[in-house]
Number of protein chains: 2
Amino acid sequence: MPKPQVDPTATLGLRVDRGSPVPLYFQLAQQLEAAIEQGALTPGSLLGNEIELAARLGLSRPTVRQAIQSLVDKGLLVRRRGVGTQVVHSRVSRPLELSSLYDDLETAGQRPTSRVLVNALVPASADLAGVLGVTEGADVHRVERLRLAHGEPIAYLVNHLPAGLLDLDTDRLEATGLYRLLRCAGITLHSARQSIGARAATSAEAERLEEAEGAPLLTMERTTYDDTGRAVEFGAHAYRPSRYSFDFQLLARS
Amino acid sequence: MPKPQVDPTATLGLRVDRGSPVPLYFQLAQQLEAAIEQGALTPGSLLGNEIELAARLGLSRPTVRQAIQSLVDKGLLVRRRGVGTQVVHSRVSRPLELSSLYDDLETAGQRPTSRVLVNALVPASADLAGVLGVTEGADVHRVERLRLAHGEPIAYLVNHLPAGLLDLDTDRLEATGLYRLLRCAGITLHSARQSIGARAATSAEAERLEEAEGAPLLTMERTTYDDTGRAVEFGAHAYRPSRYSFDFQLLARS
DNA sequence: TCAATCCTTATGTCCGGACAATCGGACTAC
DNA sequence: GTAGTCCGATTGTCCGGACATAAGGATTGA
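As a convention, each chain's residues are numbered from 1 in the sequence order in which they are written. Here every chain gets a letter starting at A, and every ligand a number starting at 1, in the order they are written. Two thresholds apply to this predicted model, a pLDDT of at least 70 for residue-level local features and 80 or more for giving and counting side-chain atom pairs, whereas whole-chain, interface and lining totals are computed over all residues. Each side-chain value is worked out from all heavy atoms of the structure, with water and hydrogens disregarded.

1. Some words on the interface of chain A and chain B
A contact between two residues is defined here by any heavy atoms of the two lying within 4.5 Å. Contacts between chain A and chain B engage 41 residues on the former and 41 residues on the latter. The buried area of a pairing is the accessible area, by a 1.4 Å probe, that goes missing from both parts when the two are put together, added over both. Of the roughly 3,600 Å² buried where chain A meets chain B, counting both sides, 55% is carbon and sulfur surface. Per-residue buried area on chain A facing chain B is highest for A:His190, A:Phe248 and A:Leu250; these three make up 17% of the total on that side. Salt-bridge detection follows one rule: a side-chain nitrogen of Lys or Arg within 4 Å of a carboxyl oxygen of Asp or Glu. Inspection of the chain A/chain B interface yields 2 salt bridges. Of the charged contacts, one joins B:Asp227 and A:Arg80 as a salt bridge, the two residues approaching to 3.3 Å between their closest N and O atoms. Two N or O atoms count as a polar contact when they lie within 3.5 Å, although within protein this holds only if one can serve as hydrogen donor and the other as acceptor, and sequence-adjacent residues are included solely when both atoms are side-chain atoms. Taken together, the links from chain A to chain B amount to 14 residue pairs in polar contact (both at pLDDT 80 or more). Numbering of helices and strands runs from the N terminus, with a helix taken as a DSSP run of H or I at least four residues long and a strand as a DSSP run of E at least two residues long. Elements represented by at least two residues in the side of chain A that touches chain B include exactly β1 (77-80), β6 (189-200), β7 (216-226) and β9 (246-251) of chain A. With 12 residues, the single largest contributor to the side of chain A that touches chain B is β6(A). Paired strands, as defined in this entry, are two strands with at least two bridges between them according to DSSP. Two elements, β6(A) and strand β9 (residues 246-251) of chain B, share 6 bridges in a ladder whose sense is antiparallel. Opposite A:Arg193, over in β9(B), you have B:Gln249 as the bridge partner.

Below you can see the structure in the form of structure tokens.
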């Protein structure tokens with residue numbers, strides 16, 4: 001006797017719009033993701049085989065596979081050869097993204113504000129020149145900012161950028177994040193190298209962040225590269241650990 | 001007059017072994033990655049179009065695309081429609097992995113050692129029970145370890161695991177990392193939620209880590225899940241910031 | 001009763017082709 | 001000279017099929 005074979009995707013009302021400019025695999029992936037998010041696809045449930053799903057939607061199997069693969073890459077699904085594709089139990093948040101503190105705070109529901117303390121052109125030190133890939137002594141932008149949320153200082157941010165990349169208007173720096181300015185200038189961010197550590201606050205930092213001297217600070221140094229491999233930014237940030245921590249999700253590499 | 005059309009992959013001696021059980025796309029990806037690593041493919045150079053590459057290797061275009069895509073996902077290549085596929089300039093290190101401190105130290109050339117301070121079964125507190133998905137008061141393993149490298153303390157690690165998942169032998173805990181034990185027990189790690197912060201050392205921590213009381217410590221809390229969604233481990237770690245920091249690379253999402 | 005084997009099922013890999021979208025340069029018109 | 005247009009090149013998307021491989025259950029044998 002064959003078992004009932006309840007395919008949870010059968011009752012989901014999945015459909016794709018071939019007239020849309022949105023790729024078919026992407027439409028499907030979005031609908032599946034929404035179904036998982038809303039609990040229509042319960043964790044642990046099998047998805048029903050790809051062939052059938054493709055036939056039901058009038059798609060080819062490669063297209064369905066591409067959709068499923070994108071969700072596997074996101075950590076929402078797990079495939080098992082000979083078994084099927086399964087919804088992962090654990091609730092996934094987004095993995096660590098190449099995002100700015102400003103955006104992080106904004107999505108967390110805070111209303112971040114910035115106070116620009118320094119915005120000037122300075123000659124690059126040897127270390128900085130090496131990191132940014134410019135010649136020593138060449139002009140670089142130096143930006144020092146204090147980031148606040150609800151009037152309380154969150155972080156003290158020191159950034160250096162190669163000169164000539166974009167014009168850094170103090171007003172715009174106060175209104176938004178640095179990453180958004182870079183993107184608006186036509187720079188496509190590609191990757192970043194980060195280092196997260198901790199150290200005691202210097203007296204200057206302590207005063208700006210309203211902490212005691214020697215208080216523990218969470219630190220982050222980051223070099224950001226665009227898709228041509230140029231270093232476009234080097235930042236050294238100090239966060240108040242009582243107000244900020246780095247939360248993220250990791251996925252095992254296949 | 002047609003331009004020279006120097007395709008750097010033409011002189012690379014790429015070839016695939018159809019008798020091998022390793023997938024063709026994977027063979028190609030490995031060879032391309034090696035070529036990039038060794039500098040045979042210089043940053044910024046175009047790769048030559050997929051059709052030609054496929055023809056030269058006797059492969060189909062989808063297979064070549066799959067190989068290239070895997071390297072794009074790794075951040076080694078960038079594709080541009082209408083232009084071509086380009087080697088990224090910036091040197092990539094590995095992105096942040098789901099790895100244990102033990103493995104991290106080992107690959108960094110250190111010879112880590114562990115000292116197990118506590119290895120016992122304790123009733124789960126309400127918080128811990130919620131995190132691990134067990135009932136409050138149920139038995140859980142509690143493991144406290146001190147991790148050292150070159151005889152110096154690096155981190156103080158407190159981990160909790162659901163009982164019955166695996167037998168935690170103190171000797172084996174001292175000989176290797178917790179993640180390796182989990183994998184050996186047939187548990188396939190899938191994802192983890194992490195939070196990195198900082199705080200001042202308590203007197204007990206200070207003594208174990210040979211720091212002063214109130215010294216800044218780098219902290220990490222992590223819940224690890226297997227591929228069925230079960231929480232398999234919750235860890236609260238404290239690192240000496242002078243000896244350890246979290247270094248990793250981020251890729252922009254698509 | 002237990003173990004080895006076969007069979008079903010589902011994903012993994014691979015093919016060859018087709019058309020669309022986009023980029024960049026060359027060309028043309030003003 | 002400058003702006004708009006056209007066109008070739010290249011990747012993006014999609015199709016329909018084929019066979020291989022692994023996992024799990026059912027069957028068979030000892």
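2. Quick look at the protein's contact with DNA strand D
By nearness alone, 26 residues border DNA strand D, and A:Arg18, A:Leu24, A:Ser60, A:Thr63 and B:Arg65 come closest of all. Residue proximity to a molecule or strand is established when one non-hydrogen atom of the residue lies within 4 Å of it. Protein-proximal atoms of DNA strand D, defined as those within 4 Å of the protein, fall in sugar or phosphate at a share of 73%. Between DNA strand D and the protein, one listed contact pairs a phosphate oxygen with a side-chain N or O atom of A:Tyr25 at 3.3 Å. Secondary-structure elements contributing two or more residues to the surface near DNA strand D are α1 (24-37) and α3 (61-74) of chain A together with α3 (61-74), β1 (77-80) and β2 (84-87) of chain B. It is α3(A) that provides the largest number of residues to the surface near DNA strand D, a total of 3 residues. Only Asp, Glu, Lys and Arg are considered charged in this grouping, and only Ala, Val, Leu, Ile, Met, Phe, Trp, Tyr, Cys and Pro are considered nonpolar; every other residue, Gly among them, is considered polar. The residue inventory of the surface near DNA strand D, partitioned by class, reads 7 nonpolar, 10 polar and 9 charged.

3. Here's the deal with the sheet that holds strand β5 (residues 152-162) of chain A
Pairing is antiparallel in the open sheet, where 7 strands are placed in the order β3(A)-β4(A)-β5(A)-β8(A)-β7(A)-β6(A)-β9(B). Edge strands, defined here as strands with exactly one partner in the open sheet, are β3 (112-123) of chain A together with β9 of chain B. Across the sheet, the axes of successive neighbouring strands diverge by a mean angle of 15°, strand direction being ignored. In the sheet, β3(A) pairs with strand β4 (residues 139-149) of chain A via 11 bridges, with the strands oriented antiparallel. Pairing of A:Val116 across the sheet is with A:Arg145, part of β4(A). Orientation is described by axes fitted as lines to C-alpha atoms, over the contacting stretch for helices, and by angles from 0 to 180 degrees between their N-to-C directions.

4. Focus on the pattern of salt bridges
Evaluation of the coordinates by the stated rule reveals 22 salt bridges over all chains. Put simply, B:Arg61 and B:Glu50 hold a salt bridge, and the shortest N to O gap is 2.9 Å. Of this pair, B:Arg61 sits in helix α3 while B:Glu50 sits in helix α2 (residues 50-57), placing them 11 residues apart in sequence. Of the residues examined, B:Arg61 reaches a relative accessible area of 38% and is grouped as partly exposed. Burial classes follow relative accessibility: with a 1.4 Å probe on protein chains only, a residue under 20% of its type's maximum area counts as buried, one over 50% as exposed, and anything between as partly exposed. For B:Glu50, a relative accessible area of 10% corresponds to the buried category. Connected through salt bridges with shared partners, the residues A:Glu50, A:Arg61, A:Arg65 and A:Arg79 form a single ionic network.

5. Overview of the relation of the copies chain A and chain B
Once chain A has been moved 0.0 Å along the axis and rotated by 180°, it coincides with chain B to within an RMSD of 0.1 Å. In symmetry terms, the pair is related by a two-fold rotation axis. Closest approach to the rotation axis among the C-alpha atoms of chain A is made by A:Pro216, whose C-alpha sits 2.3 Å away. Most of the interface of chain A is mirrored in chain B: 100% of its interface residues are interface residues there too. Here the copies are superposed with least squares, the fitted atoms being C-alpha atoms of residues at a pLDDT of at least 70 in both.

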